[in-house]
Amino acid sequence: MIATADLLQGEELAYLGTEPAREARAAPVPDELHPKVREALAAQGIESLYAHQAEAWDAAGRGENLIVTTGTASGKTLAFNLPVLDALARQPKQRAIYLYPTKALAQDQLRGLGTFRLPKLRAAIYDGDTEAERRWHVRKWANVILSNPDMLHVGVLPHHDRWGDVLTNLAYVVVDEAHVYRGVFGSHVANVLRRLRRLARVYGAEPQFLLASATIANPGELARSLTGAEATVIGDDGAPRAERTVALWNPPLTDEELGLRASALGEASRLMAELVSRGLRTLCFAKSRRAAELIHRFTADRLGDDSRLSPYRAGYTPAQRREIERRLLEGELLGVSATNALELGIDVGLLDCVLSVGFPGTVASLRQQWGRAGRRGHGLAVLVASEDALDQYFMREPETLLERRVEAAILDHENPRVLDGHVRAAAFEAPLDDADRELLGDAALERAAALPELQKTKAGYVWAGRDYPAARVSLRSTGPEAFTIVDASSGTMLGIVEQERAYSTVHEGAIYLHLGESYRVRELDFASRSAVVEPFRGDYYTQAKKETSTAIVETTRGGRRLGVDLSFGRVVVTEQVVGYQKRSIQTQESIEVVPLALPQTEFETEAVWFPPEPWMLEGLEEMPRLLGSLHAAEHSLIALLPLWAMCDRWDIGGLSTNLHFQTGLPTIFVYDGHAGGVGIAERGFDVFEGWADDTAKLLQGCPCERGCPSCVQSPKCGNLNEPLDKAGALELLERMLGAA
């Protein structure tokens with residue numbers, strides 16, 4: 001047991017418990033493994049496998065696709081490496097492509113493969129940083145090519161004639177950190193992987209897919225959605241786990257009326273300083289670069305010494321990051337504050353304690369962070385809560401976090417806004433015909449017939465344009481009409497934002513957050529489709545004021561649920577940003593409202609909606625109470641939906657109205673914030689009862705009287721959080737749940 005009992009006490013402690021240790025379940029190294037690979041394992045001290053690694057080996061040997069979904073540090077990498085290394089030791093001409101969501105992970109895996117010292121293993125990275133003169137060499141020489149989906153999409157598939165030898169001999173495709181491929185990004189990656197399968201087939205290959213994922217609720221479904229093929233799920237974790245103390249830590253209230261609490265960063269640095277001073281190796285996860293840097297600075301101030309502390313974040317050079325990883329691994333460093341960039345599988349060795357500052361968005365991510373605590377012996381895992389509604393909900397209802405199944409990862413590769421670009425790209429790569437239905441799906445062939453740039457020939461649909469269609473498609477956006485966000489101080493591109501979201505997130509004067517850093521938008525240029533931003537250090541944030549309406553296009557599913565007629569289907573959302581409000585970060589007070597004149601936008605998406613029954617609104621039917629109750633219920637439903645679908649509240653929109661022109665009744669809508677929809681609202685329809693129950697608990701438990709940021713106030717409300725009636729929303733939800 002690590003000595004922290006005296007530290008983990010006081011009013012801040014919302015929960016303290018223990019997760020039991022688990023013994024390893026071992027299996028022998030397979031007899032049929034190539035002798036050279038067996039020797040390489042022995043040289044690394046590996047004399048047996050965990051049960052799930054052996055299960056993965058057997059499934060791969062039967063020629064099955066598979067997805068390994070076990071805990072952090074459970075040896076997923078070895079599970080997919082073994083079949084590949086064995087195959088290459090026997091037939092070095094075979095090829096494997098490894099795909100990672102970040103360049104840092106590919107670098108990490110390259111180092112890991114190098115430790116095997118297998119003479120016939122030739123691994124190399126092929127990404128945007130690979131020098132032009134080296135690219136030819138990698139294509140010709142490497143039999144393990146480490147890359148990312150973006151490079152596969154624009155750098156490999158459109159130029160497949162240069163990759164003929166790789167595609168002809170492609171035996172394995174490894175997709176690591178598969179849970180990252182969800183929502184819009186996942187929907188694009190699913191199309192990229194189908195295009196890869198199609199071209200491999202053109203060249204006579206049928207590669208096996210080996211996927212690895214953090215623990216999620218639907219691994220088999222995710223693998224099938226991503227690849228279009230069935231996959232065996234390997235989920236019975238045979239790795240050992242040390243006993244772990246789990247604590248939920250809530251910063252003390254500083255203003256009960258407004259629901260304001262002490263700084264989560266300050267509390268985290270206080271805990272970290274205590275743990276480091278006791279010689280405990282501690283990793284602190286923060287949601288932003290700035291937060292990671294501040295925790296580092298506050299901790300150093302408390303200790304009066306920073307020689308054993310370091311921050312770690314994206315933005316450091318690879319050499320700087322490797323040096324921090326080395327010092328942590330070797331025990332030179334005791335305290336590292338990191339962004340979630342470190343959450344993905346980079347190995348930083350054996351840690352005693354993990355602090356997570358703010359719920360990272362999904363239970364799966366939190367479990368992945370906490371999984372690093374206690375690799376040597378007893379570990380400590382702490383969630384330090386922010387003011388966010390979900391964080392505060394967990395502080396009051398710990399079991400809803402600790403006993404909850406991890407979320408489902410959702411994507412929709414047939415979303416036409418996503419699919420069209422990939423259909424064009426596929427037609428450029430090879431003529432599209434009926435034989436492609438099996439891999440690309442019926443929807444792809446239907447879209448091919450409707451796209452004007454595709455020409456029907458005897459061979460099938462072919463690309464009739466002059467450019468590379470893949471270059472038009474960003475894997476992180478549903479539409480081609482995206483705005484680029486550029487940092488004026490460095491000229492770097494920070495990201496992209498879809499047109500329908502640009503007006504509300506990067507309008508002139510907006511405070512834009514990128515990886516948790518604040519930037520102020522200097523100019524939104526419609527001609528060049530770019531938002532020019534500059535670093536911002538002020539103490540306010542902005543909230544767009546917009547007028548929104550929804551029109552139901554088609555109801556595709558419906559039913560009587562919780563006493564209401566619940567519907568799911570397609571809607572058109574029309575928005576116009578008419579101004580923005582500046583609000584103080586410290587006090588949440590409005591500083592000023594600035595008018596804007598921006599064009600109206602509309603996009604089609606998917607929504608779930610319901611009109612409450614008249615009896616559910618008894619006593620609430622007078623205005624403005626009716627609208628306040630519906631509005632507060634909509635906000636709290638949006639705050640809780642990320643618990644059921646792996647998404648961020650920024651991926652979801654909503655509208656509540658006292659009289660909808662089509663239903664003729666008071667109605668609440670919750671919709672996908674991305675054009676076309678990616679399955680989030682449909683997930684809400686599927687789990688409506690649990691979702692509504694969680695939402696009622698959120699409202700019941702929040703100690704504020706009239707609504708606060710921890711329950712019904714939303715940082716993205718187009719009506720600037722007016723009107724909101726927390727009590728009315730709770731009354732409505734309780735009546736619905738009572739009708740179940």
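Bear in mind that the values here come from a model prediction, so they are computed numbers and not experimental data. What you see as residue numbers is a count from 1 along each chain, following the sequence as written. Two thresholds apply to this predicted model, a pLDDT of at least 70 for residue-level local features and 80 or more for giving and counting side-chain atom pairs, whereas whole-chain, interface and lining totals are computed over all residues. For the side-chain quantities, the full set of heavy atoms in the structure was used; hydrogens and water were omitted.

Draft legend 1. Representation of the overall build of the chain. Each helix corresponds to a stretch of at least 4 residues labelled H or I by DSSP, and each strand to a stretch of at least 2 residues labelled E; elements are numbered beginning at the N terminus. Each helix and strand counted, the chain has 23 helices and 31 strands in total. Its C-alpha atoms give the chain a radius of gyration of 26 Å, near enough to 27 Å, the size a compact globule of 740 residues would have. Counting only C-alpha atoms and orienting by the principal axes, one finds that the chain spans roughly 75 × 75 × 55 Å. Working definition: with a 1.4 Å probe on protein chains only, accessible area under 20% of the residue-type maximum means buried, over 50% means exposed, and in between means partly exposed. Scored against the burial criterion, the 740 residues of the chain give a buried share of 59%. Working rule for contacts: check all heavy atoms of both residues, and any pair within 4.5 Å makes them a contact. Considering only contacts within the chain whose residues lie at least 6 apart along the sequence, 73% involve residues at least 24 apart. Radius of gyration: C-alpha atoms only; globule rule: 2.2 Å multiplied by the number of residues to the exponent 0.38.

Draft legend 2. Region of interest: the packing of helix 10 (residues 264–277) against helix 11 (residues 289–303). Where helix 10 meets helix 11, the axes come as close as 8 Å, and the angle between the chain directions of the two elements is 50 degrees. By the angle class used here, helix 10 and helix 11 are oblique. Between helix 10 and helix 11 lies a crossing whose hand is right-handed. Between helix 10, through Leu 265, Gly 266, Ala 268, Ser 269, Arg 270, Met 272, Ala 273, Val 276 and Ser 277, and helix 11, the contact on the second element is made entirely by Ala 291, Leu 294, Ile 295, Phe 298, Thr 299, Arg 302 and Leu 303. Polar here means any residue other than Ala, Val, Leu, Ile, Met, Phe, Trp, Tyr, Cys and Pro, which are nonpolar, and Asp, Glu, Lys and Arg, which are charged; Gly is therefore polar. Considered class by class, the residues forming the contact of helix 10 with helix 11 number 10 nonpolar, 4 polar and 2 charged. Angles run from 0 to 180 degrees between N-to-C directions of axes, and those axes are lines fitted to C-alpha atoms, restricted for helices to the stretch in contact. Any angle from 65 to 115 degrees is called roughly perpendicular, while one under 35 is roughly parallel, one over 145 is roughly antiparallel, and all others are oblique. Here a crossing is taken to be left-handed if its near helix is turned anticlockwise relative to the far helix by less than a right angle, and right-handed if that turn runs clockwise.

Draft legend 3. Quick peek at the nonpolar core. Nonpolar cores were defined as sets of buried Ala, Val, Leu, Ile, Met, Phe, Trp, Tyr and Cys residues, with membership established by side-chain atoms within 4.5 Å. Leu 226, Trp 370, Leu 401, Trp 691 and Met 736 are the most contacted members of the largest nonpolar core, which has 119 residues in total. Counting residues per element, this core draws most heavily on helix 8 (residues 183–202), at 9 residues.

Draft legend 4. Representation of the packing of aromatic side chains in the model. Classification of ring pairs rests on two measures: the distance between centres of Phe, Tyr or Trp rings, Trp counted by its six-membered ring, which must be within 6.5 Å, and the angle between planes, read as stacked under 30 degrees, edge-to-face over 60 and tilted in between. In this structure the tally under the stated criterion is 15 aromatic pairs. Between Phe 359 and Phe 394, the ring centres sit 4.9 Å apart and the planes meet at 70 degrees, which makes this aromatic pair edge-to-face. Of the two residues, Phe 359 sits in the loop between strand 17 (353–357) and helix 13 (363–370) while Phe 394 sits in helix 14 (residues 389–396), which places them 35 residues apart along the sequence. Note on accessibility: Phe 359 and Phe 394 belong to one class, buried. On the numbers, 6.4 Å between centres and 90 degrees between planes, the contact of Phe 483 with Phe 526 is edge-to-face. With Phe 483 in strand 21 (residues 483–487) and Phe 526 in the loop between strand 24 (517–525) and strand 25 (530–535), this pair connects stretches of sequence that are 43 residues apart.

Draft legend 5. Region of the structure containing the sheet that holds strand 14 (residues 282–285). Taken together, the 7 strands give an open sheet; going across it, the order is 1-11-18-17-14-16-15, and neighbouring strands pair in mixed fashion. Looking at strand neighbours, the two that pair on one side only are strand 1 (13–19) and strand 15 (309–312), the edges of this open sheet. Geometrically, the sheet is characterised by an average inter-axis angle of 15 degrees between neighbouring strands, direction not taken into account. Taken strand by strand, helix 14 contacts strand 1, strand 11 (244–249) and strand 18 (379–384), and its axis lies near 120 degrees from that of strand 11. Two strands qualify as a pair provided that DSSP identifies no fewer than 2 bridges between them.

Draft legend 6. Here's a closer look at the sheet that holds strand 8 (residues 170–175). Reading across from one edge, 6-7-5-8-9-4-10 is the order of the 7 strands in this open sheet, with parallel pairing throughout. Two strands lie at the open edges of the sheet, namely strand 6 (123–125) and strand 10 (232–234), each paired on one side alone. For this sheet, the mean inter-axis angle between neighbouring strands, taken without regard to orientation, is 15 degrees. In this sheet, strand 8 lies alongside strand 5 (residues 95–99) in parallel orientation, the contact comprising 5 bridges. Following the sheet pairing, Tyr 98 is matched in strand 8 by Val 174. With respect to the sheet, helix 4 (residues 103–114) is in contact with strand 5, strand 6 and strand 7 (144–147), its orientation differing from that of strand 6 by roughly 165 degrees.

Draft legend 7. How the structure looks around a negative patch on the surface. A grouping of Asp 31, Glu 32, Glu 55 and Asp 58 is seen on the molecular surface, where their side chains present a negatively charged patch. Mapping Glu 55 onto the fold places it in helix 2 (residues 51–61). Note on Glu 55: relative accessible area 33%, which makes it partly exposed. Exposure above 30% relative accessible area and the lack of any salt bridge qualify a residue for a patch; like charges then connect within 9 Å, and the nonpolar side chains Val, Leu, Ile, Met, Phe, Trp and Tyr within 5 Å. Per-residue accessibility takes into account occlusion by the displayed protein chains alone, with areas from the Shrake-Rupley method and a 1.4 Å probe. For this document, the term salt bridge refers to a Lys or Arg side-chain nitrogen within 4 Å of an Asp or Glu carboxyl oxygen. Counting rule applied: Lys, Arg positive; Asp, Glu negative; His and chain ends not counted. Throughout, a charge is located at the NZ atom of Lys, the CZ atom of Arg, the CG atom of Asp or the CD atom of Glu.

Draft legend 8. Broad picture of the pairing of strand 22 (residues 493–497). Where strand 21 and strand 22 come together, 4 bridges link them in antiparallel fashion. In the sheet register, Val 486 faces strand 22, and the bridge partner there is Met 493. Taking the residues between adjacent antiparallel strands as the criterion, strand 21 and strand 22 are bridged by 5 residues, where Gly 491 takes a positive phi near 80 degrees.

Draft legend 9. Highlighting the pattern of salt bridges. For the structure on display, the rule yields 38 salt bridges. The salt bridge partner of Glu 206 is Arg 201, with a shortest N-O separation of 3.1 Å. On the basis of relative accessible area, Arg 201 is assigned to the partly exposed category, the value being 31%. Here Glu 604 makes a salt bridge to Arg 570, at a shortest N to O gap of 2.3 Å. Of this pair, Glu 604 sits in strand 29 (residues 601–610) while Arg 570 sits in strand 27 (residues 564–584), placing them 34 residues apart in sequence. Judged by relative accessible area, Arg 570 falls into the partly exposed class, the value being 31%. Each of Arg 424, Glu 453, Asp 467 and Arg 472 takes part in salt bridges that share partners, so that together they form one network.

Draft legend 10. How the structure looks around unusual backbone geometry. Following Met 623, the chain continues to Pro 624 via a peptide bond in cis, the omega torsion being 5 degrees. Omega for the bond connecting Glu 722 with Pro 723 falls within 30 degrees of zero, at -15 degrees, which places this linkage in the cis form. Mapping Pro 723 onto the fold places it in the loop between helix 22 (688–701) and helix 23 (726–738). The phi dihedral of Glu 177 falls on the positive side, at around 55 degrees, and the residue is not glycine. Considering the arrangement of structural elements, one finds Glu 177 in the loop between strand 8 and helix 8. Classification of Glu 177 by relative accessible area gives buried; the value is 6%.

Draft legend 11. Representation of the side chain of Lys 546 in the model. Considering the arrangement of structural elements, one finds Lys 546 in strand 26 (residues 540–561). The contacts of Lys 546, once residues within four sequence positions are left out, are Ser 504, Glu 575, Gln 576, Val 577, Val 578, Gly 718 and Asn 719.

Draft legend 12. Looking closely at the state of the cysteines. A pair of sulfur atoms, both from cysteines and within 2.5 Å, is called a disulfide here. All chains considered together, the criterion is met by 0 disulfides. Cys 708 supplies the cysteine sulfur nearest to Cys 702, a cysteine that is in no disulfide, at a spacing of 3.6 Å.

Draft legend 13. Looking closely at the environment of Gly 628. Take Gly 628: it is sitting in helix 20 (residues 625–640). With a relative accessible area of 2%, Gly 628 lands in the buried category. A C-alpha to C-alpha distance of 21 Å links Gly 628 and Gln 662, two positions 34 residues apart in sequence. What Gly 628 contacts, discounting residues up to four positions off in sequence, is Pro 723, Leu 724 and Asp 725.

Draft legend 14. Structural detail: the environment of Ala 217. With respect to the helices and strands, Ala 217 occurs in the loop between strand 9 (208–213) and helix 9 (219–227). As for Ala 217 and Gly 491, which are separated by 274 residues in sequence, their C-alpha atoms are 41 Å apart. Ignoring any residue separated from it by four or fewer positions in sequence, one finds Ala 217 in contact with Arg 405, Val 406, Glu 407 and Ala 408.

Draft legend 15. Structural detail: the pairing of strand 14. Burial along strand 14 is two-sided: the face carrying Thr 282 and Cys 284 and the face carrying Leu 283 and Phe 285 are both buried. Across 4 bridges, the pairing between strand 14 and strand 16 (residues 335–338) is parallel. The residue bridging Cys 284 from the neighbouring strand is Ser 337, located in strand 16. Bridge count between strand 14 and strand 17: 4 bridges; the pairing is parallel. Bridge assignment links Leu 283 to a residue of strand 17, and that residue is Val 354.

Draft legend 16. Looking closely at the environment of Gly 509. Summarising the element assignment, Gly 509 is placed in the loop between helix 19 (499–505) and strand 23 (511–514). As for Gly 509 and Phe 185, which are separated by 324 residues in sequence, their C-alpha atoms are 28 Å apart. Contact partners of Gly 509, with chain neighbours within four places excluded, come to Arg 520, Val 521, Thr 542 and Tyr 580.

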